[in-house]
Amino acid sequence: MAATLQQMLLTPDARPQVITDCCTLVDQEVSGMSGISGAAVKLAHKTITTFLPGHVRHVVGLLLPDIADALQPFWADFTTSGGAEFGDYLAKHVEEVSGVLLAITDAKAASSGRPVVVKAYNAVRSHAGKHVEAALPRVGDLVLKYAA
């Protein structure tokens with residue numbers, strides 16, 4: 001039986017590097033944003049990183065098991081379909097994938113108990129779908145890096 005994403009991404013050896021790579025991906029995605037919604041995301045990111053240093057890394061660590069679980073059905077389908085690039089596969093299932101990922105972040109934001117975090121998240125949530133969708137090819141590449 002093939003290893004699950006949990007088994008590949010959350011081992012004691014892999015997990016810290018996966019978290020670091022995810023944080024780098026978040027920083028790259030945020031820095032590449034433009035327009036009004038991009039400016040809002042940049043402001044929210046700056047607010048979080050200024051007032052809660054290390055919070056993004058902490059949240060990535062908290063979200064990673066849920067994200068691995070949410071992506072598992074897509075991964076299983078991808079591996080049985082014989083595709084070469086998981087990022088391409090995710091991009092072809094963009095609405096479904098972004099929906100399950102945003103459901104995770106919505107739930108975590110709502111239960112965070114941190115007003116600064118909730119306010120920053122709510123400020124960018126209306127445009128989050130398009131940002132998640134744009135990042136899916138790179139998310140898939142990141143997963144594939146640890147699945148090899």
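Quick caveat: nothing in here was measured; it's all calculated off a predicted structure.

Draft legend 1. Just helix 3 (residues 35-51), in detail. When the terminal C-alpha atoms of helix 3 are compared, their 24 Å separation across 17 residues agrees well with the 24 Å that a helix rising 1.5 Å per residue should span. Where helix 3 is buried, its residues meet helix 2 (14-31), helix 4 (55-81), helix 7 (115-124) and helix 8 (128-147).

Draft legend 2. Region of interest: the packing of aromatic side chains. Tallying each qualifying case throughout the model produces 5 aromatic pairs. Grouping aromatic residues by their ring pairs yields a cluster made of Trp75, Phe78, Phe86 and Tyr89.

Draft legend 3. Focus on the side chain of His45. With respect to the helices and strands, His45 occurs in helix 3. In terms of polar contacts, His45 uses its side chain to reach the side chain of Asp27, at 3.2 Å. Setting aside its immediate chain neighbours within four residues, His45 contacts Val26, Asp27, Val30 and Val56.

Draft legend 4. Main features of the environment of Leu43. With respect to the helices and strands, Leu43 occurs in helix 3. For Leu43, a relative accessible area of 56% translates into the label exposed. With 80 residues separating them in the primary sequence, Leu43 and Ala123 have C-alpha atoms 9.5 Å apart.

Draft legend 5. Looking closely at the state of the cysteines. The tally for this structure, following the rule as stated, stands at 0 disulfides. Looking at Cys22, it has no disulfide partner, and the nearest cysteine sulfur is the one in Cys23, 7.0 Å off. Among the residues examined, Cys22 registers a relative accessible area of 16% and is labelled buried. What makes Cys23 buried here is its relative accessible area of 12%.

Draft legend 6. Structural view of the layout of surface pockets. Size it by volume and the largest pocket reaches roughly 1300 Å³. Along the walls of the largest pocket sit 42 residues, with Val26, Val59, Leu63, Thr105 and Tyr121 positioned nearest its centre. Those elements that place two or more of their residues in the lining of the largest pocket are helix 2, helix 3, helix 4, helix 6 (94-110), helix 7 and helix 8.

Draft legend 7. Here's a closer look at the packing of helix 6 against helix 8. The N-to-C vectors of helix 6 and helix 8 enclose an angle of 115 degrees; their axes lie 9 Å apart at closest approach. The two elements helix 6 and helix 8 cross, and the hand of that crossing is right-handed. Across the interface between the two elements, Val94, Val97, Ser98, Leu101 and Leu102 from helix 6 touch Ala128, Gly129, Val132, Glu133 and Leu136 from helix 8. In terms of residue class, the contact of helix 6 with helix 8 is built from 7 nonpolar, 2 polar and 1 charged.

Draft legend 8. Expanded view of the side chain of Asp21. Examined against the element boundaries, Asp21 turns out to sit in helix 2. Only 2.7 Å separates the side chain of Asp21 from the side chain of Lys145, close enough to count as a polar contact. Among the polar contacts made by the side chain of Asp21, one reaches the side chain of Tyr146 at a distance of 2.4 Å. Every residue in contact with Asp21, bar those within four places of it in the chain, is listed here: Leu142, Lys145 and Tyr146.

Draft legend 9. Just the confidence of the model for the chain, in detail. Considering every residue of the chain, the mean pLDDT works out to 90; 99% of them sit at 70 or more. By mean pLDDT, helix 7 is the weakest element of the chain at 80, and helix 2 is the strongest at 95.

Parameters at a glance
- Residues numbered from 1 in each chain as written.
- Predicted model: local features only at pLDDT ≥ 70, side-chain atom pairs only at ≥ 80, totals over all residues.
- Heavy atoms only, no water.
- Helix = DSSP H or I, 4+ residues; strand = E, 2+ residues; numbered from the N terminus.
- Expected span 1.5 Å × (residues − 1).
- Contact = heavy atoms within 4.5 Å.
- Phe/Tyr/Trp six-rings, centres within 6.5 Å; stacked < 30°, edge-to-face > 60°.
- Polar contact = N/O pair within 3.5 Å; in protein donor to acceptor, adjacent residues only side chain to side chain.
- Buried < 20%, exposed > 50% of the residue type's maximum accessible area, 1.4 Å probe, protein only.
- Disulfide = S-S within 2.5 Å.
- 1 Å grid on protein atoms, 1.4 Å probe; cavity = no way out; pocket = protein on both sides within 12 Å on 5 of 7 lines; lining within 4 Å.
- Points joined across faces, edges and corners; volume = space filled by probe spheres on them.
- Axes fitted to C-alpha atoms, helices over the stretch in contact; angles between N-to-C directions.
- Left-handed = near helix turned anticlockwise from the far one by under 90°.
- Nonpolar A, V, L, I, M, F, W, Y, C, P; charged D, E, K, R; others polar.
- pLDDT = per-residue confidence, 0-100.

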